[in-house]
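For reference, the chains in residue letters:
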Amino acid sequence: MGTWVKAGSLACLLIMMMLASGCEKPRATSRAVVGPADRSSILVRCDTRCDEAAASIENRGGLISRRYRALGVVAASVPRTSLVSVTALFGESAVFKETFISAPKPIQERTASDGRTIQSYKLEQNAVLGISKIGATAVTDLASISPTDFSYDTILTGAAQLHRRGQLGKDVVVAIIDSGTANNPEIVPVLAGSVIGGESFLDPAHFPNEPSATSTLNDPHGTMVGTMIAAHGVIHLSPTDKLVKSLQVHLPQTVRINRGVADIAMVGIAPAARIYAMKTFPANGDGTSNAVVLAAMDRALTLKQNFDAGIPSGPVSGDGSEEKPFVYDSLNIRVINLSLGGPTLFSGREIDELMIRKLYDAGIAVVVAAGNEGFAAITTGSPATGPGAISVGAATLAQHERVLRDLQRGPGVGIQFRPTLIPQVARFSSRGPTADGRVGVDLIASGHAVFVQGASGSIELVSGTSFSAPTVAGAAALLMGAVPKATTSAIRAALIESADADLVGPRAKNIDQGHGFLNLPDALQMLKAGNPTAHLPLEPIAKPDTLVANNLREAGFPTVAFTNGSFSTTLKLVPGQVQQFFVSAFNNTEKVTVDITNITPSLPLARQNKIFGDDLGVIVLEAPTSINVIQAEDFINADTTYTINRPQAGVMRVALLGDWTNVGDVTATLTINRVQSPKPLTGIAGSVSDKGTAEFTFTIPPDTAATDLTLSWTNNWSVYPTHDLDLILIAPDGTENPDGATLSSPERVHIDAPAAGTWTARVDGFALHEYTDRFQLGATDGNGAAITLVPVPVAPVP
């Protein structure tokens with residue numbers, strides 16, 4: 001899945017947080033803004049008054065770039081000087097800044113120093129002897145004699161059981177909003193006949209030679225997602241191939257040897273479903289704007305509304321070829337898959353989340369990847385946090401991991417790497433709760449080392465919630481095919497409420513796995529019985545201006561109670577079990593130390609994991625929610641101390657994991673100490689409105705060694721919703737320094753050997769939700785002496 005990103009105007013495309021790719025990230029997480037520095041690209045929710053809204057924006061110097069007829073939104077570029085007046089015209093809650101989304105990719109961690117890092121695995125091209133297309137009848141027959149593919153979860157989810165009954169999601173239309181889904185049976189035979197057409201939402205003026213939505217030249221992600229939903233093929237390999245050899249050890253029923261050829265089926269959850277490819281990411285792997293994703297959502301809603309209005313459903317352009325796909329003006333889209341997402345300051349009320357509710361109300365089930373931010377809490381990203389979305393986390397199955405590790409590290413290593421067979425929540429899978437106190441994850445499905453085909457025809461084993469989400473999207477299509485008159489509400493409720501809370505273990509909490517592992521037979525039974533309750537909240541629970549710590553406490557997750565600044569507990573963790581600790585940090589918190597001592601495996605060394613021993617995983621996160629601003633991430637088996645100086649204000653998270661590779665339990669003592677500073681915050685106070693600015697000047701004498709500026713504000717990460725204020729420094733020569741334009745709170749900027757002269761500090765109200773906010777801005781020199789800040793008079797609003 002991809003990531004929403006925000007950064008300063010000069011770093012718009014350079015500072016991208018790769019949530020889905022699992023790469024290393026800077027401490028200051030950013031979200032890139034779209035557009036030039038002197039203009040702001042915005043999205044305005046106008047409902048039924050969009051013509052009037054467009055005229056008003058244009059009268060203020062704005063340019064309308066897109067109109068979303070079905071969603072009731074316009075996208076525009078407006079001068080920065082007009083932003084405040086435009087916001088005042090429509091209200092802060094209706095105006096959103098356009099943001100950048102990094103391209104979704106499988107997890108491919110860059111750090112290889114620890115053998116536990118997750119990597120994709122691609123079969124060598126010459127290893128594949130061929131790929132056969134199979135039809136619906138063949139899928140049913142195949143399911144009757146063996147699991148329908150290498151993905152062992154077709155048994156665990158019960159999909160194979162429904163396939164045996166002839167339930168294949170026949171003709172249910174699933175829209176994949178992604179990088180495109182290939183339609184070429186010679187190159188991607190497992191999707192032959194599945195992709196009925198598609199559209200690209202990239203601007204041809206900026207992408208003049210971009211491949212079509214169904215091209216094999218696209219980034220592979222969207223095609224991989226498609227194979228999880230609707231694949232129907234058989235991969236032919238030599239019986240001596242190392243994948244075959246590993247499968248014969250760990251999943252022997254998934255391999256059939258016939259006349260000297262090993263056959264491995266690749267079958268999606270709904271192999272007879274139909275895919276409509278909605279391309280929002282360019283072929284080169286770059287990211288896109290959230291306005292482009294919204295355009296795809298708007299189009300999907302339009303197609304569904306046209307179908308419901310009786311407009312005939314048939315191609316209106318294209319010839320059905322790879323580069324000229326069929327395009328429709330009416331289509332009964334029942335499911336949308338979104339394997340993308342990123343940070344949210346206002347969980348449940350971001351514009352993409354509000355639009356998901358419109359799709360839900362129109363009868364479209366929207367399935368969203370929860371994110372790959374790891375096992376610490378409050379990391380589920382948007383739009384998975386949207387009411388009405390089906391938020392999906394990832395499970396890891398021992399058999400899949402054993403096969404992957406055999407391929408990566410050699411035959412026989414897999415069983416040593418993953419000695420226990422119990423399914424677990426994947427280490428990389430994001431967790432709840434949300435900042436407003438909802439669970440954050442609805443259910444989980446296999447998302448580790450799953451078997452897919454890419455746009456170029458490559459056969460790979462990939463990981464990420466990007467691939468657990470389409471498993472559930474396929475499940476929704478399967479249920480819709482089985483019970484065509486079922487409502488979206490009933491489908492959603494059946495999928496969630498029937499999930500198996502006991503399969504993944506042990507002791508997984510609801511914020512780890514939601515209601516549990518996907519369970520299709522029970523979901524179908526519940527749906528046919530007509531008794532799914534659909535009781536899950538379709539609105540955020542908390543009202544604005546509430547403390548995150550209070551929302552967590554209401555959800556059953558209180559912050560730790562300190563006695564004289566210290567907290568201590570002893571815990572026992574079985575393999576794969578996570579224990580979360582929530583720690584309140586304040587503007588005057590000087591430091592937090594985390595001590596983990598007395599780490600004691602229950603088994604003697606000779607019986608522990610043969611590669612790593614039995615140990616603990618540790619993550620310490622700062623206060624930003626829906627993302628993982630990591631201060632510590634480690635696997636440890638000896639006493640260890642982590643010190644976090646001047647943490648961001650809000651709720652920090654300390655998460656301990658019984659390493660999923662362990663054989664036995666591990667006990668340890670956790671001690672957290674928090675030191676509060678007696679020093680009062682210094683600086684100049686002010687206020688700023690949403691999309692507004694406040695400016696100050698300060699003078700740097702010659703030969704100043706360094707300067708530090710700190711911007712803090714009231715609605716920091718401790719408050720729901722969080723406000724985002726940015727600190728932009730402008731040097732005497734006019735050069736902008738955007739280091740304070742991140743999602744950090746407070747924003748801190750350090751400059752070595754600053755140029756002498758008059759500087760400007762600009763405070764931008766980047767995202768304030770229906771409020772102004774009070775802030776405090778302080779500046780010091782290299783010796784800690786205060787630097788005087790002088791307010792710049794505010795110009796009248798045009």
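Please read all numbers here as calculations on a predicted model, not as lab measurements.

**Digging into the overall build of the protein chain**
Tallying secondary structure elements over the protein chain gives 16 helices and 43 strands in all. Principal axes of the C-alpha set define a box for the protein chain whose edges measure 85 × 70 × 50 Å. Taking all 798 residues of the protein chain together, 64% fall into the buried category. Considering only contacts within the protein chain whose residues lie at least 6 apart along the sequence, 81% involve residues at least 24 apart. Counting every atom, the protein chain has about 27600 Å² of accessible surface; 52% of that belongs to carbon and sulfur. The averaged location of the 73 negative side-chain charges in the protein chain is 5 Å from the averaged location of its 60 positive side-chain charges.

**Some words on the sheet that holds strand β38 (residues 724–730)**
Reading across from one edge, β39-β38-β41-β35-β43 is the order of the five strands in this open sheet, with antiparallel pairing throughout. Every other strand in the sheet has two partners, leaving β39 (736–740) and β43 (790–791) as the edge strands with one partner each. Bridge count for β38 against strand β41 (residues 757–767) is seven bridges, and the pairing is antiparallel. Among the inter-strand pairings, D726 is bridged to a residue of β41, identified as D764.

**Focus on the pairing of strand β13 (residues 261–267)**
For β13, a buried count of six out of seven residues is recorded, marking the element as mostly surrounded by other parts of the structure. In the sheet, strand β11 (residues 232–237) pairs with β13 via six bridges, with the strands oriented antiparallel. Along β13, the bridge assignment pairs I235 with I264. As judged from the three bridges shared by strand β12 (residues 256–258) and β13, these two strands associate in the antiparallel manner. Within β13, the residue paired with I257 across the bridge is A262. Hairpin connection, β12 to β13: the antiparallel pair is bridged by two residues, and R259 has positive phi, about 55 degrees.

**Focus on the pairing of strand β35 (residues 693–700)**
Judged by which residues are buried, β35 turns out to be one-sided: A694, F696, F698 and I700 face inward and are buried, whereas T693, E695, T697 and T699, on the alternate face, are not. The pairing of β35 with β41 spans eight bridges and is antiparallel. If you follow T693 over to β41, its bridge partner there is D764.

**As for the environment of P252**
With respect to the helices and strands, the residue P252 is situated in the loop between α7 (242–250) and β12. Taking the relative accessible area as the measure of exposure, P252 reaches 46% and is therefore partly exposed.

Calculation criteria
Residues numbered from 1 in each chain as written. Predicted model: local features only at pLDDT ≥ 70, side-chain atom pairs only at ≥ 80, totals over all residues. Heavy atoms only, no water. Helix = DSSP H or I, 4+ residues; strand = E, 2+ residues; numbered from the N terminus. Buried < 20%, exposed > 50% of the residue type's maximum accessible area, 1.4 Å probe, protein only. Contact = heavy atoms within 4.5 Å. Areas by Shrake-Rupley, 256 points an atom, 1.4 Å probe, with all protein chains shown as cover. Lys, Arg positive; Asp, Glu negative; His and termini not counted. Charge placed at Lys NZ, Arg CZ, Asp CG, Glu CD. Pairing = 2+ DSSP bridges.

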